[in-house]
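# Examining the three-dimensional arrangement
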Amino acid sequence: MKLPQFSALILASLTLFAFSSSSAETKPADKKCKAQKEFAIILHGGTARAGKVPAERLDFMRNLLADMKKNLKQGDSALDVVEASVMAMEDSGLFNAGKAAVNNAAGFVETDAAIMDGKTQNTGAVASMRFVKNPIRAARLVMDKTRHVMMVGDRGEQAVTNIGAQTVKADYFINNPHNEPNEHGTVGAAVLDRCGNLAAGTSTGGYDAKIPGRVGDSPVIGAGTFAKNGVVAASATGHGEYFIRFNATASIAARMEYGDMDVSAATKAVIDQMAKAGGKKNGRGGIIAVDSQGNFAYPFSTPGMVRGFARYDMDPQVGVFEEMN
Ligand code: ASP
């Protein structure tokens, strides 16, 4: 049946409307905000072995925190600061993310990342990326420029490249040849900005020698990455399979929102639960989190976790084992 011209016009405008309303939905967070003086940022650079202090990574993190503190003070959004700090760690060549992501069992890099906006619960993630320079940027593009949440593998990589993700040749990656057993330097950020918005992001090369195609917890929303305004922003590192099985970061939020736990009790409960389930060797890891008041938590069941934080009223502090300085 041939449509009368008038109904064809209505159909066309309806289609247009459908597109424009979906892009309005994925609008990036507000640019600048100074509604409150309080802001806070916590970062991690993965779990660490006993006795080993990765000084270079700690120095890098302290400087990065100082830069990000300035950005937050001048009103940058939590989302932008999460993206910028994770990107800097990806580019540094010091962590198992971006440039220094570890190899899989077949000898090449496959990276995973996610970013989440606590204000809108909007989120983007990528997994098994081989040539994307900054997986966290690709995750942000998925969030801002598509109506989807997660893009994976070769086709996902093509899609994020089409919307602006920068790619590199395989030789860009340092391709750490499994020389750091148990040294998993995944990176993550959790931020509270001066609008009171929370955001979180995580980026990783996953486990070295992983089976090609394996995806860890980092890009799985509610497992390795989660943010919800008024509650918590959190990013995890460690035995990803357990963080997925225990829905780790979302369950921190649930404990805080419905169970009345504070951020310290909720994060510790989840870390302890996974360590207990994992027996002697499995289920170990750490979580960084910040709540909507700017309180930090960073429990870990591994010997150490590289992490650091800064706040409107606090200079950057970094640490690996119990103490921070
Ligand atoms: N959680 C990451 C993964 O399982 C690895 C890590 O944080 O060390 O992919």
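Note that this is a predicted model, so its numbers are computed, not measured.

## Some details on the sheet that holds strand β5 (residues 187–192)
If you trace the 8 strands from one edge of the open sheet to the other, you get β4-β3-β2-β6-β5-β1-β11-β12, paired in mixed fashion. Both outer strands of the open sheet, β4 (150–152) and β12 (314–319), are each paired with one neighbouring strand and no more. Each neighbouring strand pair of the sheet contributes to a mean axis angle of 5 degrees, computed without reference to strand direction. Across 6 bridges, β5 lies against strand β6 (residues 198–204) in antiparallel orientation.

## Looking at the confidence of the model for the protein
The predicted model of the protein has a mean per-residue pLDDT of 90, with 88% of residues at 70 or higher. Within the model, the stretch residues 1–29 combines pLDDT values under 50 with 12 contacts to residues more than four positions away or in other chains.

## A word on the environment of Val142
Mapped onto the secondary structure, Val142 falls in helix α4 (residues 135–145). For the pair Val142 and Gly124, spaced 18 residues apart in sequence, the C-alpha separation works out to 5.1 Å. With sequence-adjacent residues up to four places away left out, Val142 is seen in contact with Gly124, Ala125, Val126, His148, Val149, Met150, Met151, Val160 and Ile163.

## A look at the pattern of salt bridges
Should the charged atoms of two oppositely charged side chains come close, the side chains can pair. Counted by the stated rule, this structure contains 12 salt bridges. Salt-bridge contacts for Arg140 lead to Asp80; the nearest nitrogen and oxygen are separated by 2.8 Å. Of this pair, Arg140 sits in helix α4 while Asp80 is found in helix α3 (residues 78–92), placing the two residues 60 residues apart along the sequence. Note on accessibility: Arg140 and Asp80 belong to one class, buried. In this structure, Asp272 engages Lys268 in a salt bridge whose closest nitrogen and oxygen atoms are separated by 2.6 Å. Of this pair, Asp272 and Lys268 both sit in helix α8 (residues 263–277), separated by 4 residues, roughly a single helical turn. A relative accessible area of 45% places Lys268 in the partly exposed class. What you see here is one network of salt bridges that share partners, running through Asp80, Glu83, Arg137, Arg140 and Asp144.

## A short note on the pairing of strand β8 (residues 232–238)
Of all 7 residues in β8, 7 are buried; the element is thus mostly enclosed. Alternating residues of β8 divide into Val232, Ala234, Ala236 and Gly238 and Ala233, Ser235 and Thr237, and every residue in both groups is buried. Summarising the sheet, strand β7 (residues 225–228) and β8 pair through 4 bridges and their orientation is antiparallel. Opposite Lys228, over in β8, you have Val232 as the bridge partner. Following β7, the chain reverses through 3 residues before pairing antiparallel with β8; Gly230 in that reversal takes a positive phi of roughly 80 degrees. Pairing between β8 and strand β9 (residues 285–291): 7 bridges, direction antiparallel. Looking at β9, one finds that Val232 is bridged to Asp291.

## Remarks on helix α2 (residues 55–73)
The terminal C-alpha atoms of α2 lie 27 Å apart, and with 19 residues this matches the ideal 27 Å at 1.5 Å per residue to within 8%. Turning to α2, its buried residues number three or more, namely Arg57, Leu58, Met61, Leu64, Leu65, Met68, Lys69 and Leu72. One side of α2 holds all its buried residues, which, seen down the axis, span an arc of 150 degrees. Residues Glu56, Asn63 and Lys70 are exposed on α2 and point more than 90 degrees away from its buried face. Looking at the buried side of α2, the elements it contacts are β1 (40–48), α3, β5, β11 (304–311) and β12. Just past α2, the residue Gly75 takes up positive phi, approximately 100 degrees.

Parameters and conventions
Residues numbered from 1 in each chain as written. Predicted model: local features only at pLDDT ≥ 70, side-chain atom pairs only at ≥ 80, totals over all residues. Heavy atoms only, no water. Pairing = 2+ DSSP bridges. Helix = DSSP H or I, 4+ residues; strand = E, 2+ residues; numbered from the N terminus. Axes fitted to C-alpha atoms, helices over the stretch in contact; angles between N-to-C directions. pLDDT = per-residue confidence, 0-100. Contact = heavy atoms within 4.5 Å. Salt bridge = Lys/Arg side-chain N within 4 Å of Asp/Glu carboxyl O. Buried < 20%, exposed > 50% of the residue type's maximum accessible area, 1.4 Å probe, protein only. Expected span 1.5 Å × (residues − 1). Arc of directions from axis to C-beta.

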